[in-house]
Amino acid sequence: MKEILKELGLTEKEINVYLKLLKLGEASTQQISKETGINRISLYDMLNLLIKKRFVGCVVKNNIKTYFAISPKNILEQLEEKRTKFKSILPKLEELQKNNSKHSVVQIFEGERAIDILNENIFKDKNFELLSYGSYSLIKEIQKYTTINYMKKRIENNINAKVISDNKLLDNPFIKKDEYKIITEIKVNSDLNNMKTWHYIYKNKYAILSIKENSFSVIIIEDKEIFESQKKIFETMWKNIK
């Protein structure tokens, strides 16, 4: 829970204050300080920041200011509203990015949410070719943490794929389904069995998903030259597997 709140921009102490206010209802700075162990001077600044971030509100009664936590449901509505607003300007922002094609765009994401971000990036378009390779054991681990069914989503979006993995992939019953076989070519290379990364090559992008000590990292590079280089590497690997 705290990790998700951190991703929303709260510090450890701000999270403690917010969670404490959820339990207390309304509380004065004196009460909050006593409950959290944060001195009142620091607490004033922290509460003002939480108000700006719209996680906390305040009221004045009989010249005494008290604070309360904004309900989680209202916070979710605020986030959805921001997402809708951002989505409305997304085409214009992407157009600006396309006009600046000389530079690479590199994005790095960490944590469980990184997997969904990568999948959302892949599946925001339809009808293109996806090249990917890596260890099947990593894919099985990924599936525990993502909210997106990768294989089903690829079928829905009509994304043709060439996949190179170790022979454990062949044990997955899903790949035997006709709807999957129509849009998928698979080759096996046992050398990939112990890889700790999975690689994706698609739409002028090259993405790497890695796992280390149960922590996920995703790097997405948008660069046509890097994409073309990685595509050639993949095609060479593909050609050399009999």
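Residues numbered from 1 in each chain as written. Predicted model: local features only at pLDDT ≥ 70, side-chain atom pairs only at ≥ 80, totals over all residues. Heavy atoms only, no water.

## Some points on the packing of helix H3 (residues 29-36) against helix H4 (residues 40-52)
- At a minimum axis separation of 10 Å, H3 and H4 run at an interaxial angle of 110°. The pairing of H3 with H4 is recorded here as roughly perpendicular in orientation. Side by side, H3 and H4 meet where Thr 29, Gln 30, Ile 32 and Ser 33 of the first sit next to Arg 40, Leu 43, Tyr 44 and Leu 47 of the second.
- Broken down by class, the residue content of the contact of H3 with H4 amounts to four nonpolar, three polar and one charged. (Axes fitted to C-alpha atoms, helices over the stretch in contact; angles between N-to-C directions. Helix = DSSP H or I, 4+ residues; strand = E, 2+ residues; numbered from the N terminus. Parallel < 35°, antiparallel > 145°, perpendicular 65-115°, else oblique. Contact = heavy atoms within 4.5 Å. Nonpolar A, V, L, I, M, F, W, Y, C, P; charged D, E, K, R; others polar.)

## Focus: the side chain of Ser 165
- Among the secondary structure elements, Ser 165 is positioned in strand S5 (residues 160-165).
- A distance of 2.8 Å separates the side chain of Ser 165 from the backbone oxygen of Gly 134, its partner in a polar contact.
- Beyond its immediate stretch of four places on either side in the chain, Ser 165 contacts Gly 134, Ser 135, Tyr 136, Lys 187, Val 188, Asn 189, Leu 192 and Trp 198. (Polar contact = N/O pair within 3.5 Å; in protein donor to acceptor, adjacent residues only side chain to side chain.)

## Things to note about the packing of aromatic side chains
- If you walk through the whole model with that rule in mind, you get three aromatic pairs.
- Summarising the aromatic geometry, the rings of Tyr 133 and Phe 234 are spaced 6.2 Å apart at their centres and angled 40° between planes, so their arrangement reads as tilted. Of this pair, Tyr 133 sits in strand S4 (residues 129-134) while Phe 234 is found in helix H10 (residues 224-240), placing the two residues 101 residues apart along the sequence.
- On the accessibility criterion, Tyr 133 (9% relative accessible area) is buried. (Phe/Tyr/Trp six-rings, centres within 6.5 Å; stacked < 30°, edge-to-face > 60°. Buried < 20%, exposed > 50% of the residue type's maximum accessible area, 1.4 Å probe, protein only.)

## As for the sheet that holds S4
- Ordered by their spatial adjacency, seven strands build an open sheet running S3-S9-S8-S7-S4-S5-S6, and the pairing between neighbours is mixed. Each edge of the open sheet carries a strand with a single partner, namely strand S3 (105-110) and strand S6 (184-188). Each adjacent strand pair in this sheet contributes to an overall mean axis angle of 15°, direction not counted.
- One ladder, built from six bridges, connects strand S7 (residues 197-202) with strand S8 (residues 205-212); its direction is antiparallel. Residue Tyr 200 lies in a different strand from S8, and its bridge partner there is Ala 207.
- Relative to strand S9 (residues 215-222), helix H6 (residues 113-123) is tilted by about 30°, and along the sheet it contacts S3, S7, S8 and S9. (Pairing = 2+ DSSP bridges.)

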